[in-house]
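Observations on chain architecture
Residue strings, one per chain:
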Protein chains: 2
Amino acid sequence: MQISSRFSVGVHILALLDINKDGISSSEFLAGSVNTNPTLIRKIMGMLKKNGLIEVQPGIAGASLAKAPSDIRLVDVYKAVEVVKDQELFSVHENPLRECLVGRNIQESITPVLSAAQIALEKELENVTIEDIIKEIKKKEKDQHN
Amino acid sequence: MQISSRFSVGVHILALLDINKDGISSSEFLAGSVNTNPTLIRKIMGMLKKNGLIEVQPGIAGASLAKAPSDIRLVDVYKAVEVVKDQELFSVHENPLRECLVGRNIQESITPVLSAAQIALEKELENVTIEDIIKEIKKKEKDQHN
DNA sequence: TTAAGTTGTATCTATTATGAATACAGGTAT
DNA sequence: ATACCTGTATTCATAATAGATACAACTTAA
């Protein structure tokens, strides 16, 4: 099981929109950098737009960030691309036997733990912004030239 | 996307093995409580056995915990049932364009963040044991009778 | 106004993971 | 010898993902 690459692709798109802000970032351009097809990019861009992270207009080539890179946290991207719904990272088996002590109480007993784990993961993604990723990209690039 | 219910089923099995330790917990018995088929239970039991969490023997009905419930952490179950591999909770798009600044550095830049998030999730599962779950089950049962 | 290019969607397909189900070999016990 | 159980392989239906094609609606430039 893996969380969809829509998340990492979303981050890729946002970082590139900022780095290429003086140019035109069409879905085809972005798709080239990500190495996928423009349709998937447009689908993800639609999600990012709906959540107020980017600005795009039908018919007009290119997109741009709707906020400063320092104001976009990775958790915003994570939630925008809907890779995981709230409270539902972990699936729990349905309809355990109500005639059994464990069966009738397991769901309510385990759900808070699973929820806490999911929240811990999301909290970690709150600490990183697109600006951080961009800085890291530039740093890696610089390091490689030394 | 959701993490397989093998995890919650595994916890269910372990809790029930302890609560029913004076009885015989065959795969059919466990399957009844979980409300699934015995094959899936045996498959998961095989994983739990391989990781030293339970004891089972071919031909002999029933299984039992290999450790005290207080010594089995949920993260042990999580890893035993292999719902998620190390470093691979998040999938990252492959082969981004090397001719692009973002494309050639995005993977190395984002991987540490994703890894940290995954570890945060697992850390949360380290804090809870099967004993905790059993206590919670009994507590919920008691609360319901008042 | 026409033509070209782009976004926003819908649709189809291949691939993969899950979980239900059946079957059966091999082990155990009465 | 019979009955029961575990361990494992296999088949099947379902769902999510990602690649791909097609096209309507919109914008811009010629």
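Computed from a predicted model, the values in this text were never measured in an experiment. (Residues numbered from 1 in each chain as written. Chains lettered and ligands numbered in written order. Predicted model: local features only at pLDDT ≥ 70, side-chain atom pairs only at ≥ 80, totals over all residues. Heavy atoms only, no water.)

1. With respect to the protein's contact with DNA strand C
Around DNA strand C there are 24 residues in total, and Ser27(A), Arg42(A), Ser4(B), Ser5(B) and Thr36(B) lie nearest to it. Among atoms of DNA strand C positioned within 4 Å of the protein, sugar and phosphate together represent 60%. Lys49(A) is positioned with one of its side-chain polar atoms (N or O) 3.1 Å from a phosphate oxygen of DNA strand C. Here a phosphate oxygen of DNA strand C sits 2.5 Å away from a polar atom, N or O, in the side chain of Thr36(B). The set of elements that each furnish at least two residues to the surface near DNA strand C consists of α3 (38-50), β1 (54-57) and β2 (60-65) of chain A together with α3 (38-50) of chain B. (Near = heavy atom within 4 Å. Polar contact = N/O pair within 3.5 Å; in protein donor to acceptor, adjacent residues only side chain to side chain. Helix = DSSP H or I, 4+ residues; strand = E, 2+ residues; numbered from the N terminus.)

2. Considerations on the pattern of salt bridges
By the definition in use, this model includes 13 salt bridges over all chains. With its nearest N and O atoms 3.1 Å apart, the salt bridge here joins Asp76(B) to Arg73(B). Under the relative-accessibility criterion, Asp76(B) is labelled buried at 17%. It is possible to trace a salt-bridge network through shared partners that takes in Lys79(A), Asp86(A) and Glu122(A). (Salt bridge = Lys/Arg side-chain N within 4 Å of Asp/Glu carboxyl O. Buried < 20%, exposed > 50% of the residue type's maximum accessible area, 1.4 Å probe, protein only.)

3. Thoughts on the confidence of the model for chain A
Low pLDDT means the predicted coordinates in that region are not meant to be read closely. Overall, the predicted model of chain A reaches an average pLDDT of 95, with 100% of residues at or above 70. Across chain A, the secondary-structure element scoring lowest on mean pLDDT is helix α6 (residues 130-144) of chain A, at 95, and the one scoring highest is helix α1 (residues 6-19) of chain A, at 98. (pLDDT = per-residue confidence, 0-100.)

4. Section: the interface of chain A and chain B
With 56 residues of chain A in contact, the opposing surface of chain B contributes 56 residues. Buried area between chain A and chain B, summed over both chains or domains, comes out near 5000 Å², and the portion from carbon and sulfur atoms is 68%. Of all residues in chain A, the largest losses of buried area upon contact with chain B belong to Met1(A), His93(A) and Val102(A), amounting jointly to 12% of the total for that side. At the boundary of chain A with chain B, the tally comes to two salt bridges. Run the count over chain A and chain B and you get 20 residue pairs in polar contact (both at pLDDT 80 or more). If you list the elements that add at least two residues to the side of chain A that touches chain B, you get α1, α2 (27-34), α4 (74-80), α5 (101-126) and α6 of chain A. Here the element with the most residues in the side of chain A that touches chain B is α5(A); it accounts for 17 residues. The residue inventory of the side of chain A that touches chain B, partitioned by class, reads 33 nonpolar, 15 polar and eight charged. (Contact = heavy atoms within 4.5 Å. Buried area = accessible area lost by both parts, 1.4 Å probe. Nonpolar A, V, L, I, M, F, W, Y, C, P; charged D, E, K, R; others polar.)

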